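Observations on the three-dimensional arrangement
Letter by letter, the chains look like this.
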Amino acid sequence: MCSAKGKTKQTRHGTVPHTNGMKYRAIGENHLYQKTYTRGMKAVAKHVVVYCLRDYAAAKLQKAHPQNKRVNRVGLTVTKKIGGAVTRSRVKRILREGFRRLDTETPLKTGFLVVLVARDAAVDAKSQDVYADLKYAFRKLGMLEGMPFPPKEAAQPPRPKK
């Protein structure tokens, strides 16, 4: 049920900002993951590691977006050491929900590649724990709207290639 302005919707969990049911744009190519890992900014939290890198294809994707907005492309990484297929799917659901909640409650800067890497502690985590970790990580990276980016020396230096 949407309000008159269409800005919020009523759910059984209360009123939340309306997202028009759109899924987040996914990172589909392996080279973008690799580029984000090597060149991107990194923030480590208890349940998740967040990598961010400016997306140079954001202008092209903006033209294809129905509302003509820049969007973040999001990628999830949950390795086999986390657990079996059921466990990994649960962790991915929790990561997606935490990111969706953060993005709707706190506007993020757009036009970035964002990779969320689950850590071992994410198996036993609740979505509120992951949400708190994501909020901490995005604040540390300066990705919340209206925040300046951290100085260059605060960002993690690129790792040497093997």
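This write-up is about the structure you can find in this document. (Residues numbered from 1 in each chain as written. Predicted model: local features only at pLDDT ≥ 70, side-chain atom pairs only at ≥ 80, totals over all residues. Heavy atoms only, no water.)

Glancing now at the sheet that holds strand β7 (residues 112–118). If you walk across this open sheet you meet the five strands as β3-β6-β7-β5-β4, and the pairing is mixed. Bordering the open sheet on either side are β3 (25–26) and β4 (41–44), each of which pairs with just one other strand. As judged from the two bridges shared by β3 and strand β6 (residues 73–77), these two strands associate in the parallel manner. Bridge assignment links Arg25 to a residue of β6, and that residue is Arg73. In the packing of helix α4 (residues 127–141) onto the sheet, the strands contacted are β4, β5 (48–54) and β7, and the crossing angle to β5 comes to about 35 degrees. (Pairing = 2+ DSSP bridges. Helix = DSSP H or I, 4+ residues; strand = E, 2+ residues; numbered from the N terminus. Contact = heavy atoms within 4.5 Å. Axes fitted to C-alpha atoms, helices over the stretch in contact; angles between N-to-C directions.)

As a further point, take the packing of aromatic side chains. If you walk through the whole model with that rule in mind, you get three aromatic pairs. Centroid distance Tyr37 to Tyr51: 5.0 Å. Interplanar angle 75 degrees. Geometry classified as edge-to-face. Placement of the pair is Tyr37 in helix α1 (residues 30–39) and Tyr51 in strand β5, with a sequence separation of 14 residues. Summarising the burial analysis for this pair, Tyr37 and Tyr51 share the class buried. Seen from their ring centres, Phe99 and Phe138 are 6.0 Å apart, and the 50 degrees between their planes marks the pair as tilted. In this pair, Phe99 sits in helix α3 (residues 85–105) while Phe138 sits in helix α4, placing the two residues 39 residues apart along the sequence. Taken together through their ring pairs, the aromatic side chains of Tyr33, Tyr37 and Tyr51 make up a single cluster. Stacked on the ring of Tyr131, the Lys or Arg Arg101 has its end atom at 3.9 Å from the ring centre. (Phe/Tyr/Trp six-rings, centres within 6.5 Å; stacked < 30°, edge-to-face > 60°. Buried < 20%, exposed > 50% of the residue type's maximum accessible area, 1.4 Å probe, protein only. Lys NZ or Arg CZ within 6 Å of the ring centre and 35° of its normal.)

What follows concerns the side chain of Lys109. Here Lys109 shows up in the loop between α3 and β7. By relative accessible area, Lys109 is classed as buried at 12%. Of note is the side chain of Lys109, whose polar atom sits 3.0 Å from the backbone oxygen of Gly142. (Polar contact = N/O pair within 3.5 Å; in protein donor to acceptor, adjacent residues only side chain to side chain.)

When you tally the buried positions in β7, you get seven out of seven residues, the bulk of the element. Across seven bridges, β5 lies against β7 in antiparallel orientation. Bridge pairing in β7 places Val48 opposite Ala118. Here five bridges tie β6 to β7, and the two strands are oriented parallel to one another. Each residue of the ladder has a partner; that of Thr77, found in β7, is Val117. The parallel pair β6 and β7, bridged by α3, forms a crossover whose chirality is left-handed. (Right-handed = clockwise from strand over helix to strand, strands pointing away.)

For the rest of this paragraph, the subject is the nonpolar core. In this structure, Val50, Cys52, Phe99, Val114, Leu116, Leu134 and Phe138 are the most contacted members of the largest nonpolar core, which totals 29 residues. Counting only elements with at least two residues in this core, the list comes to β4, β5, α3, β7 and α4. The element contributing the most residues to this core is α4, with six residues. Among the nonpolar cores identified, the runner-up in size contains ten residues, and Ile27, Tyr37, Val49 and Tyr51 belong to it. (Core = buried A, V, L, I, M, F, W, Y, C linked by side-chain atoms within 4.5 Å.)

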